[in-house]
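Residue-level structural notes
Here's the letter readout for the chains.
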Amino acid sequence: SQKIEQNSEALNIQEGKTATLTCNYTNYSPAYLQWYRQDPGRGPVFLLLIRENEKEKRKERLKVTFDTTLKQSLFHITASQPADSATYLCALDGGATNKLIFGTGTLLAVQP
Amino acid sequence: DGGITQSPKYLFRKEGQNVTLSCEQNLNHDAMYWYRQDPGQGLRLIYYSQIVNDFQKGDIAEGYSVSREKKESFPLTVTSAQKNPTAFYLCASSIATGHRGGYTFGSGTRLTVV
């Protein structure tokens with residue numbers, strides 16, 4: 001079965017810097033990958049989707065890359081702000097199951 | 001505004017008691033899902049439904065039951081057979097299973113056994 005790994009340690013960065021979060025997966029290559037933001041005590045909010053034939057996707061200050069050779073996606077937030085502090089989850093399509101598989105998430109803390 | 005409403009936000013259950021968590025959506029989505037979230041673990045799928053009057057077990061269905069009598073509603077019952085029910089429960093919906101658009105999540109219900 002598919003396994004997803006996100007850095008369980010919190011990422012602390014200074015305001016204005018670029019935050020980079022990693023999502024690694026094993027086994028088969030997914031057709032697409034999604035990133036979500038989750039605030040404490042709230043449900044995740046969908047941010048971006050990237051397809052297997054796309055190397056990079058951008059949305060405002062967000063950028064996602066997808067390397068099917070390395071089996072890795074990187075999620076970047078440029079010019080980070082304290083309001084970006086949250087847990088970020090990656091999710092992959094479950095192949096034939098047609099369901100998303102979620103990672104455990106990485107907590108990002110942006111210091112003012 | 002379209003979205004998913006989960007209620008209650010907090011729920012306390014006594015040992016041996018069944019409780020039902022509500023999930024309602026007005027997005028006209030066909031697919032609905034129930035996840036459980038525990039500290040340090042990813043979202044784990046309990047049940048999902050692709051269409052009215054149909055649902056399938058997810059990865060951790062034991063001790064839970066669901067129904068899908070209406071497109072808008074997908075309630076989850078945590079039965080007394082669920083030995084460790086304390087967790088954060090999230091309901092989600094999507095246009096269809098396998099659809100590449102993102103899931104829309106509710107705000108969650110935090111269930112605690114007392």
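Residues numbered from 1 in each chain as written. Chains lettered and ligands numbered in written order. Predicted model: local features only at pLDDT ≥ 70, side-chain atom pairs only at ≥ 80, totals over all residues. Heavy atoms only, no water.

1. Some words on the sheet that holds strand β7 (residues 64-66) of chain B
Residues and elements named next belong to chain B. Here four strands make up an open sheet; going across it, the order is β1-β3-β8-β7 and the pairing antiparallel. Edge strands, defined here as strands with exactly one partner in the open sheet, are β1 (4-7) and β7. Adjacent strand axes in the sheet meet at a mean angle of 20 degrees when their direction is disregarded. Across three bridges, β7 lies against strand β8 (residues 76-78) in antiparallel orientation. What sits directly across from Ser-65, in β8, is Thr-77. (Pairing = 2+ DSSP bridges. Helix = DSSP H or I, 4+ residues; strand = E, 2+ residues; numbered from the N terminus. Axes fitted to C-alpha atoms, helices over the stretch in contact; angles between N-to-C directions.)

2. Some points on the environment of Glu-52 of chain A
All names here are of chain A. By the secondary structure assignment, Glu-52 is in the loop between β5 (45-51) and β6 (56-59). The class of Glu-52 is partly exposed, set by a relative accessible area of 43%. C-alpha of Glu-52 to C-alpha of Gln-111: the two residues are 59 residues apart in sequence and 34 Å apart in space. Once residues lying within four places of it in the same chain are set aside, the contact partners of Glu-52 are Pro-30, Ala-31, Tyr-32, Phe-66 and Thr-68. (Buried < 20%, exposed > 50% of the residue type's maximum accessible area, 1.4 Å probe, protein only. Contact = heavy atoms within 4.5 Å.)

3. Notes on the interface of chain A and chain B
Contact residues are listed per partner, giving 20 residues for chain A and 21 residues for chain B. The tally of links from chain A across to chain B stands at zero salt bridges. The tally of links from chain A across to chain B stands at three residue pairs in polar contact (both at pLDDT 80 or more). Within the residue set of the side of chain A that touches chain B, elements represented by two or more residues are β4 (32-38), β5 and β10 (100-102) of chain A. Take the side of chain A that touches chain B: its biggest share by element is four residues, from β4 of chain A. A class-by-class count of the residues in the side of chain A that touches chain B yields nine nonpolar, eight polar and three charged. (Salt bridge = Lys/Arg side-chain N within 4 Å of Asp/Glu carboxyl O. Polar contact = N/O pair within 3.5 Å; in protein donor to acceptor, adjacent residues only side chain to side chain. Nonpolar A, V, L, I, M, F, W, Y, C, P; charged D, E, K, R; others polar.)

4. A word on the sheet that holds strand β1 (residues 4-6) of chain A
Residue and element names in this part refer to chain A. Taken in spatial order, the five strands line up as β1-β3-β8-β7-β6 in an open sheet, and their pairing is antiparallel. If you trace the sheet from one side to the other, it starts and ends with β1 and β6, each paired once. Going across the sheet, the axis of each strand differs from the next one's by a mean of 15 degrees, ignoring polarity. Bridging between strand β3 (residues 19-25) and strand β8 (residues 72-77) involves six bridges; their strand directions are antiparallel. Paired with Thr-20 across the two strands is His-76, which belongs to β8.

5. Comments concerning the pairing of β5 of chain A
All names here are of chain A. Here β4 pairs with β5 via six bridges, running antiparallel. Considered in β5, the bridge of Gln-34 is made with Leu-49. Two successive antiparallel strands, β4 and β5, enclose a turn made up of six residues, where Gly-41 displays a positive phi of approximately 70 degrees.

6. Quick notes on the pairing of strand β3 (residues 19-25) of chain B
Residues and elements named next belong to chain B. Every second residue of β3 is oriented toward a common face, the buried set being Val-19, Leu-21, Cys-23 and Gln-25 and the non-buried set Thr-20, Ser-22 and Glu-24. Of the strand pairs in this sheet, β1 and β3 are connected by four bridges, and their pairing is antiparallel. Residue pairing for β3: Thr-5 is matched across the bridge by Glu-24. In the sheet, β3 pairs with β8 via three bridges, with the strands oriented antiparallel. The partner of Leu-21 across the bridge, within β8, is Leu-76.

7. Quick word on the confidence of the model for chain B
Any segment with low pLDDT has predicted coordinates that should not be analysed in fine detail. Scored by pLDDT, chain B comes out at a mean of 93, with 96% of its residues at no less than 70. The secondary structure element of chain B with the lowest average pLDDT is strand β2 (residues 10-13) of chain B, at 93, and the one with the highest is β7 of chain B, at 98. (pLDDT = per-residue confidence, 0-100.)

8. Some thoughts on the nonpolar core
Soluble globular proteins tend to bury their nonpolar side chains together. Ranked by internal contacts, the top residues of the largest apolar core, which has 22 residues, are Leu-33, Trp-35, Phe-75, Ile-77, Tyr-88 and Leu-108 of chain A. Secondary structure elements with two or more residues in this core: β3, β4, β5, β7 (62-67), β8, β9 (86-93) and β11 (106-111) of chain A. Dropping the residues within four chain positions of it, Tyr-88 of chain A is found in contact with Gln-6, Leu-21, Trp-35, Tyr-36, Arg-37, Leu-47, Phe-75, Ile-77, Gly-105, Thr-106 and Leu-108 of chain A. One finds Ile-4, Leu-11, Tyr-64 and Tyr-89 of chain B within the second-largest nonpolar core, a separate group that totals 20 residues. (Core = buried A, V, L, I, M, F, W, Y, C linked by side-chain atoms within 4.5 Å.)

9. Observations regarding the side chain of Ser-73 of chain A
All names here are of chain A. Summarising the element assignment, Ser-73 is placed in strand β8. Among the polar contacts listed, one links the side chain of Ser-73 to the backbone oxygen of Thr-65, at a separation of 2.8 Å. Non-local contacts of Ser-73, meaning those with residues more than four positions away in its chain, are made with Leu-21, Thr-22, Cys-23, Leu-33, Trp-35, Val-64 and Thr-65.

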